[in-house]
Structures are given as C-alpha cells and as structure tokens.
Amino acid sequence: MDDFHRVRDYLTGLQDRICQAIEAADGSATFQEDAWQRAEGGGGRTRVLREGAVFEQAGIGFSDVCGSKLPPSASAHRPELAGATWRATGVSLVFHPRNPYLPTTHANVRYFRAERDGQAVAAWFGGGFDLTPFYPYDEDVLHWHRTAQQLCAPFGEDRYAAHKRWCDEYFFLRHRNETRGVGGLFFDDLHGDFERDFAYLRAVGDGFLDAYLPIVARRKDTPYGERERAFLEYRRGRYVEFNLVYDRGTLFGLQSGGRAESILMSLPPRVRWEYGYTPEAGSPEARLADYLMPRDWLG
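Notes on the structure follow. (Residues numbered from 1 in each chain as written. Predicted model: local features only at pLDDT ≥ 70, side-chain atom pairs only at ≥ 80, totals over all residues. Heavy atoms only, no water.)

1. So, the pattern of salt bridges
Here is the rule we go by: Salt bridge, as used here: a side-chain nitrogen of Lys or Arg that lies within 4 Å of a carboxyl oxygen of Asp or Glu. Working definition: helices are DSSP H or I runs of at least four residues, strands are E runs of at least two. Numbering for both runs from the N terminus. Accessible area is worked out with a 1.4 Å probe on protein chains only. A residue is then buried under 20% of its type maximum, exposed over 50%, and partly exposed in between.
Taken as a whole and assessed by the stated rule, the structure comprises 30 salt bridges. Residues Arg 259 and Asp 34 are paired through a salt bridge, measuring 2.4 Å at the closest nitrogen-oxygen approach. Linking Arg 259 in the loop between helix H7 (248–255) and helix H8 (260–263) with Asp 34 in strand E1 (residues 32–37), this pair joins segments that are 225 residues apart in sequence. Here Glu 241 and Arg 176 are joined by a salt bridge, their closest N and O atoms 2.8 Å apart. In this pair, Glu 241 sits in helix H6 (residues 226–245) while Arg 176 sits in the loop between strand E7 (172–173) and strand E8 (178–179), placing the two residues 65 residues apart along the sequence. Classification of Arg 176 by relative accessible area gives partly exposed; the value is 34%. By sharing partners, the salt bridges in this structure join Glu 51, Glu 56, Arg 98, Arg 229, Glu 233, Arg 236 and Arg 270 into a single network.

Structure (structure tokens):
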C-alpha cells in the first residue's frame, strides 16, 4: 500500500471512531451519512448529527479529492505547484453543543500531495484542534492544553509551544481583535520525515477525543436558561465570521469546486448578530473576553 492510501485508511477509520464516540456521548441522536462524488475527481462522506440531547449539530466529514489546477488561495502561496495535479485527503469536524457551558470544538487532519509528469512535487501534512467556550472553566482549558502538550511531547520539546502559538495566530479575528477561542494546536506544511509526520498526524487525530470527551462529561448537564442560550447564539456569530472570512479550508474547498453543503457544515444551525452588543461589566458574559487573547495556559 502506498503512503497516500495508508493516510487515507487511517482517516476513514478515525471518522468512524469519532462518530461512535460522539453518538455514545450524546445518547440520543445518530450521524446520518451523505456520500458524494466530485466532478473533477474523488469524493467523500459527510456525516451530520442533528438535534441530539447534547449536540444541536455535529458534523464530521471525510474527503479524498483531486484536481488538475490549484485554486487561487493555494497557488498564490506555492508558485512551484503551477501546472501540477494534486490530491488531498482529510477529516474535518465541528461540533456545536446545545448547552452553552459546553464549548464548541473543531478538529482537522489532512494530507496533500502534488505531482507533475508522474513525479512528486510536494507533499505535506496539516491539522490541529481548537476549543471555543462561551462560559469558560479553567479546569477545561487546562485539560485541553495538557492533552495537547502530552501528545506533542514525543515529537520534541518545542512542538507544543510552536503549534500552540500557530493556533493562536491562525484563529485570530483581526477585525474583532480577539481569538476565536482558547486555542489548541495548528500546523501546516509538515513534510520533514513521512513516518514521523504521519505519526504526529495520528497523535493529533487520536488525541482529539482524549481532549474533548472529559469536557463533554463535565458540562453537558449544567443547568442553563434563555440568557445563556442567547449569548451562545450571539457568540456563534464570531464562528461564522471566521469561517467565511479567514478559514483556508473553506476558501480552498469553495474555490476548488468543492461540495458547498459539506464545506459549510461547520456553520452553526442557529446564530444571531446584535448591533453594538456589550456585555454588562462584571457579568459571566463579560468574563469571556479575558480568555480571548493568546496566553501561556500551562506556564
């Protein structure tokens, strides 16, 4: 089996395992699969869980797609790929909980390869995971980052700090001057050694459930009311803003002729914007602002 199909097989298994774990955590709803094909080449399977006891919507997609021309969002930064054919595979998820005390989360792991005249031009791994709370708990944030640090440890003492910093910088809404959440890990263009880099991809993919499920167990039954739900829906607006303005995956998918329904499954089912909203000073809602700037959580 070649390297690409080794990665592909891992990713399909990862999607299966995460779906099983989230269905068990929700205890009510199940994922519905939508298999699709892309006209230029490849396809995928998009799975969405709706109106569950814990998750208002949870989407996780697998894709294996190819093409003969890179979209502008990618080719502008990689001129050496001009004229190359490409193939990309990945798993991406976004879970939108019903309870405002349980954070939204995102994870992605992917592999990209480009060829020209039958010869490899470039190949790299990318991915990460991040957490977006509405009413943050230090216990949850520390657990999230400790899990990230532990899975990074076998890959060098600088790995966690570098990819945590990259996450803070990438998931930053410049027009709001705030991070999307409390961060985690983000990496791209990882191509030093295939076996080592693939092992890191697997550590990040497998580590996601270790990072998120304990938070689900702690927060899913926390009592809440209309005020908390209104704040959750308002803050979800920031998630929409990031995904539609800055997210590279969204841009790449849409510009490369990807399937819009699968690409935009990351958006929340219910969201609202409110002009000039400012939370009351000293309120639980105002407390969130202190968490939306990069910081050393484990220092």
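2. A word on the sheet that holds strand E6 (residues 119–132)
Backbone-to-backbone hydrogen bonds pair the strands of a sheet. The strands run either parallel or antiparallel. Under the convention used in this document: In this analysis, strands are considered paired if DSSP registers two or more bridges between them. Axis definition: a line fit to C-alpha positions, over the contact stretch in the case of helices; interaxial angles, taken between N-to-C directions, run 0 to 180 degrees. Contacts: residue pairs with any heavy atoms within 4.5 Å of one another.
One open sheet accounts for seven strands, arranged E1-E2-E3-E4-E5-E6-E9; its pairing is antiparallel. Either end of the sheet is taken by a strand with one partner, and the two such strands are E1 and strand E9 (183–190). Between one strand and the next, the sheet's axes are offset by a mean angle of 5 degrees, whatever the strand orientation. As paired strands, strand E4 (residues 85–97) and strand E5 (residues 104–116) are joined by eleven bridges and run antiparallel to one another. Looking at E5, one finds that Ala 88 is bridged to Phe 112. Packing of helix H4 (residues 159–170) onto the sheet brings it into contact with E6 and E9, and relative to E9 it is tilted by some 100 degrees.

3. What about the nonpolar core?
Spelled out, the test is: The nonpolar core is taken to be a set of buried Ala, Val, Leu, Ile, Met, Phe, Trp, Tyr and Cys residues, with the residues joined through side-chain atoms within 4.5 Å.
Core analysis: the largest hydrophobic core is formed by 52 residues, its most contacted members being Phe 95 and Phe 208. The set of elements that each furnish at least two residues to this core consists of helix H1 (3–26), strand E3 (55–67), E4, E5, E6, helix H3 (138–152), E9 and helix H5 (194–219). Residue contributions to this core peak at eleven residues, all from H5. Each residue touching Phe 95, except ones within four places of it in the same chain, is listed here: Ile 18, Ile 22, Phe 31, Phe 55, Gln 57, Ala 58, Gly 59, Thr 104, Thr 105, Phe 208 and Tyr 212. Membership of the second largest hydrophobic core comes to eleven residues, among which are Trp 36, Leu 81, Trp 86 and Ala 114.

4. As for the pairing of strand E2 (residues 42–50)
The buried fraction of E2 amounts to seven of the nine residues, a majority that puts the element mostly inside the structure. Pairing geometry for E1 and E2, over six bridges, is antiparallel. For Glu 33, the partnering residue across the bridge sits in E2 and is Arg 47. Counted between consecutive antiparallel strands, the loop separating E2 from E3 contains four residues, among which Glu 51 sits at a positive phi close to 50 degrees.

5. Examining H4
So the rule is basically this: Here the expected span of a helix is defined as 1.5 Å times the quantity of residues minus one.
The first and last C-alpha atoms of H4 sit 16 Å apart over twelve residues, in line with the 16 Å expected at 1.5 Å per residue. Within the sequence span of H4, burial applies to Arg 159, Tyr 160, His 163, Lys 164, Cys 167, Asp 168 and Tyr 170.

6. Observations concerning the layout of surface pockets
This is how the line gets drawn: Within this scheme a cavity is a closed region of a 1 Å grid, computed over the protein atoms alone, that accommodates a 1.4 Å probe without allowing it to escape, whereas a pocket is open but has protein on both sides within 12 Å along at least five of seven lines; lining residues each have an atom within 4 Å of a point. Grid points are joined across faces, edges and corners, and a volume is the space filled by probe spheres set on the points. In the scheme used here, Gly and all other residues not listed as nonpolar or charged are polar, with Ala, Val, Leu, Ile, Met, Phe, Trp, Tyr, Cys and Pro taken as nonpolar and Asp, Glu, Lys and Arg as charged.
Empty space within the largest pocket amounts to approximately 1300 Å³. In terms of lining, the largest pocket is formed by 49 residues, of which the most central are Arg 110, Arg 248, Gly 249, Thr 250 and Phe 252. Those elements giving two or more residues to the lining of the largest pocket turn out to be E3, helix H2 (72–75), E4, E5, E6, E9, H7 and H8. The dominant element in the lining of the largest pocket, judged by the number of residues it contributes, is E4, at eight residues. Looking at the lining of the largest pocket residue by residue, the classes come out as 20 nonpolar, 20 polar and nine charged.

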